[in-house]
Every structure is written in C-alpha cells, then in structure tokens.
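Overview (structure and organization)
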Amino acid sequence: MKLEVKNLRKSFGENEILHGISFSVENGKALGLLGRNGAGKTTTIRIIMDVFKANSGEVLLDGKPFVPKENQIGYLPEERGMYPKKKVVEQMVYFAGLRGMGAAAAKRSALKWLERLEISEYADRKLETLSKGNQQKVQLAQTLVCDPEIVILDEPFSGLDPVNSQILKDVVTELIADNKIVIFSSHQMSYVEEFCEDIAIINHGDIVLDGNIKAIKKEFGKDRLVIAAENYSLAELRAVLERDFADLVYIDGEKKEFLVLALKDGADKKKLMARLTESDIDILRFGSYEPTLNDIFVAKAGDN
C-alpha cells in the first residue's frame with residue numbers, strides 16, 4: 001500500500017494554514033512528520049482522517065481517493081480522548097465497535113493488547129485511577145485494537161518512563177515489520193531516527209524538507225567540518241579559519257564544544273589541514289560533520 005498526500009491546502013477564514021503539503025509513505029515503512037507547534041502537522045493529520053476537509057489537494061491510497069471510513073486506521077492523537085471514569089476494557093470494546101468490530105472480537109483484541117503492553121491487570125479499572133504512563137499505554141492499546149493497516153502516532157512517547165518507552169519502541173518496530181503504514185510525529189528526534197526511513201518537515205504550512213533520512217544527512221554534511229582546538233577558543237579558531245577557508249555554520253549547542261564550518265569555494269580539507277599543521281593550533285577535534293536529525297530540524301524549521 002502507498003498513502004499519498006498531494007498538494008493539500010487548508011484555510012480557516014482568510015488565514016491559509018497549509019500551502020500545498022505533499023508527501024507519501026508506503027507499507028512496511030514509517031514516515032516522520034515533523035514540525036514545530038503550529039506548523040501544520042495536526043491539521044494535515046486531521047485532513048487525512050477526514051476530520052477536516054481540505055480546500056484543495058487530495059489524499060490517495062494506492063492511487064485512489066482515500067476514504068478513512070472504508071479502512072482501518074489507528075490514530076493516537078497528541079490530545080488524548082478516552083473517558084477517565086469508564087473502565088479500560090469496556091471503553092476499548094466500545095471504541096472498537098464504533099470502528100465496525102464485533103463485541104467478542106473486540107474484547108479478545110483489547111485483552112491481547114493490554115497484555116502485550118503489560119497492563120492487563122488494569123482491564124477492569126477506571127482509566128483515571130491509572131498513572132499517566134499507563135493511561136498512555138491504554139490509549140495506544142485502543143489505537144491498535146482493530147488491527148489497523150494505517151497507524152498515525154502523534155507524540156506517542158509523551159509521559160512514558162524508560163521501561164515503558166522500550167515497550168512502545170518494540171511495538172512500533174513490530175508494526176513496521178507487520179507491513180503497516182506508520183506516520184510518526186514527535187519532537188523527540190532520537191525516536192524518529194530510530195524508526196523512520198523518511199521524513200517530511202513542515203514549517204509554517206510548507207514542506208521545507210522531505211526524503212530519505214540517510215540521504216538528507218549525507219547532503220546536509222557535505223563539505224562541512226567539525227573543528228575544535230586545545231589552545232584556541234572557538235572565537236579565535238573561527239577568526240583564523242574564516243579568512244581563507246570556511247564559513248561558520250554554527251557553534252555546537254550550549255556547551256560550545258566545537259565549530260561546524262562549511263568550506264569556501266576553492267578550499268578543501270587538505271589545504272585546511274595543512275594550514276592547521278603549520279600553525280601553533282593544537283587540534284583537539286577535526287573531521288567530517290555528521291549531522292543529527294535535531295541539527296537538520298533546527299536548520300530547516302528553527303526560523304533563525
């Protein structure tokens with residue numbers, strides 16, 4: 001299966017929120033849908049779910065118009081939506097019934113997922129009596145109870161401790177291995193890198209970057225170097241190198257441990273290394289720049 005989002009535009013009144021969003025994801029893969037708060041991620045997801053109608057554009061499944069009511073979709077929204085005063089298994093069966101599942105099959109599936117997520121002991125407890133992390137796992141179980149072919153997870157790791165995060169990581173890995181279509185939205189870039197082959201970054205209603213993560217990292221790090229010195233401050237090192245060899249990309253984070261530099265036209269690593277060797281600069285770190293997904297996200301959506 002292949003889910004395609006093509007040129008979605010959405011306005012609320014005179015304010016256009018989405019300006020032509022396009023991306024695609026195939027079964028057996030996860031797409032990281034990334035963006036800052038207010039960028040347009042949730043609006044895009046709600047259009048896919050047919051909660052909102054787009055002003056223009058289309059959503060296709062295998063080349064045909066996507067009709068959510070005709071497909072099993074598991075959607076875990078960032079703002080959770082279960083009933084706090086109802087028993088866990090009862091409302092899971094209720095929600096499964098709304099999606100067309102028979103009561104007996106729904107209960108079997110609910111109990112299976114509660115066991116898989118190690119919370120079966122809470123099946124007959126009211127949701128509000130559970131810890132935040134266990135409530136989150138119940139929400140995930142409810143998302144998966146109908147064995148959806150398309151799974152959309154919006155900030156799924158919110159509120160989870162490391163042990164429960166590992167359980168969820170295993171489940172997401174299983175969903176991908178089971179050939180589900182997975183759309184994964186999170187501000188925790190380490191999880192996105194772990195699960196997703198491809199990303200689409202939305203900024204102010206536009207796709208500013210999309211494609212294969214490995215290819216994006218390779219291109220983003222091209223002709224860029226990481227440099228630090230033992231006996232020069234970063235400011236001093238920058239002053240030496242910017243004259244002839246490189247332009248500053250940025251200084252690493254709050255710790256200010258190293259420079260990331262982009263080589264100028266006509267400069268190369270050998271010339272730069274020769275200049276460093278001839279000087280009294282005591283090199284602490286020198287090598288190719290390998291960007292993290294967080295670096296890329298900040299560069300493309302940080303509005304610097």
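Now for a quick tour of the structure. (Residues numbered from 1 in each chain as written. Predicted model: local features only at pLDDT ≥ 70, side-chain atom pairs only at ≥ 80, totals over all residues. Heavy atoms only, no water.)

What follows is about the overall build of the protein chain. Helix and strand counts for the protein chain stand at ten helices and 14 strands. By principal-axis analysis of the C-alpha atoms, the protein chain measures approximately 80 × 45 × 35 Å. Looking at the protein chain residue by residue over its 304 residues, the buried ones come to 45%. By sequence separation, contacts in the protein chain at least 24 residues apart represent 68% of the contacts at least 6 residues apart. Looking at the protein chain as shown, the accessible area adds up to about 15,600 Å², and 46% of this sits on carbon and sulfur atoms. Across the protein chain, 42 positive and 48 negative side-chain charges occur, with their mean positions spaced 4 Å apart. (Helix = DSSP H or I, 4+ residues; strand = E, 2+ residues; numbered from the N terminus. Buried < 20%, exposed > 50% of the residue type's maximum accessible area, 1.4 Å probe, protein only. Contact = heavy atoms within 4.5 Å. Areas by Shrake-Rupley, 256 points an atom, 1.4 Å probe, with all protein chains shown as cover. Lys, Arg positive; Asp, Glu negative; His and termini not counted. Charge placed at Lys NZ, Arg CZ, Asp CG, Glu CD.)

Quick look at helix α7 (residues 213-220) now. Where α7 is concerned, the buried positions are I213, I216 and F220. Mapping the buried residues of α7 onto a view down its axis gives an arc of 65 degrees, with all of them on the same face. Exposed residues on α7 whose side chains face more than 90 degrees from its buried face are K214, K218 and E219. Considering only its buried residues, α7 is in contact with α6 (189-195), β9 (198-203), β10 (206-212), β11 (224-229) and α10 (293-301). At the N-terminal end of α7, a side-chain oxygen is found 3.0 Å from the backbone nitrogen of K214, two or three residues along, and the residue is N212. (Arc of directions from axis to C-beta. Polar contact = N/O pair within 3.5 Å; in protein donor to acceptor, adjacent residues only side chain to side chain.)

Relative to the elements of secondary structure, D295 occurs in helix α10. Buried and unpaired, D295 has K217 as its nearest opposite-charge partner, separated by 8.2 Å. At 3.1 Å, the side chain of D295 forms a polar contact with the side chain of Y289. (Salt bridge = Lys/Arg side-chain N within 4 Å of Asp/Glu carboxyl O.)

In this description, an aromatic ring pair is defined by two values, namely the gap between the centres and the angle between the planes. The tally for this structure, following the rule as stated, stands at seven aromatic pairs. With centroids separated by 5.4 Å and ring planes inclined at 75 degrees, the aromatic side chains of F12 and F52 adopt a geometry described as edge-to-face. In this pair, F12 sits in strand β1 (residues 2-12) while F52 sits in the loop between α1 (41-48) and β4 (56-61), placing the two residues 40 residues apart along the sequence. The class for F52 is partly exposed, based on a relative accessible area of 23%. Lying across the ring of F12, K10 places its NZ or CZ 5.0 Å from the centre. In this structure, R285 is placed above the aromatic ring of F258, and the distance from its NZ or CZ to the ring centre is 4.4 Å. (Phe/Tyr/Trp six-rings, centres within 6.5 Å; stacked < 30°, edge-to-face > 60°. Lys NZ or Arg CZ within 6 Å of the ring centre and 35° of its normal.)

Along helix α8 (residues 234-242), the positions that sit buried rather than exposed are L234, L237, V240 and L241. One face of α8 carries all of its buried residues, which in axial projection span an arc of 125 degrees.

Within the largest apolar cluster, 58 residues are counted, with the highest numbers of intra-cluster contacts made by L34, M92, L140, F184, F195, I199 and I201. By size, the runner-up hydrophobic cluster in this structure holds 25 residues, among which are V5, L33, I47 and F66. (Core = buried A, V, L, I, M, F, W, Y, C linked by side-chain atoms within 4.5 Å.)

Quick look at unusual backbone geometry now. Peptide bonds are, in most cases, trans, and in most cases residues other than glycine have a negative phi. Backbone geometry at D62 places phi at a positive 50 degrees, although glycine is not the residue there. Backbone geometry places E155, a non-glycine residue, at a positive phi of 50 degrees. By secondary structure assignment, the location of E155 is in the loop between β7 (150-154) and α5 (162-177). Judged by its relative accessible area of 8%, E155 falls in the buried class.

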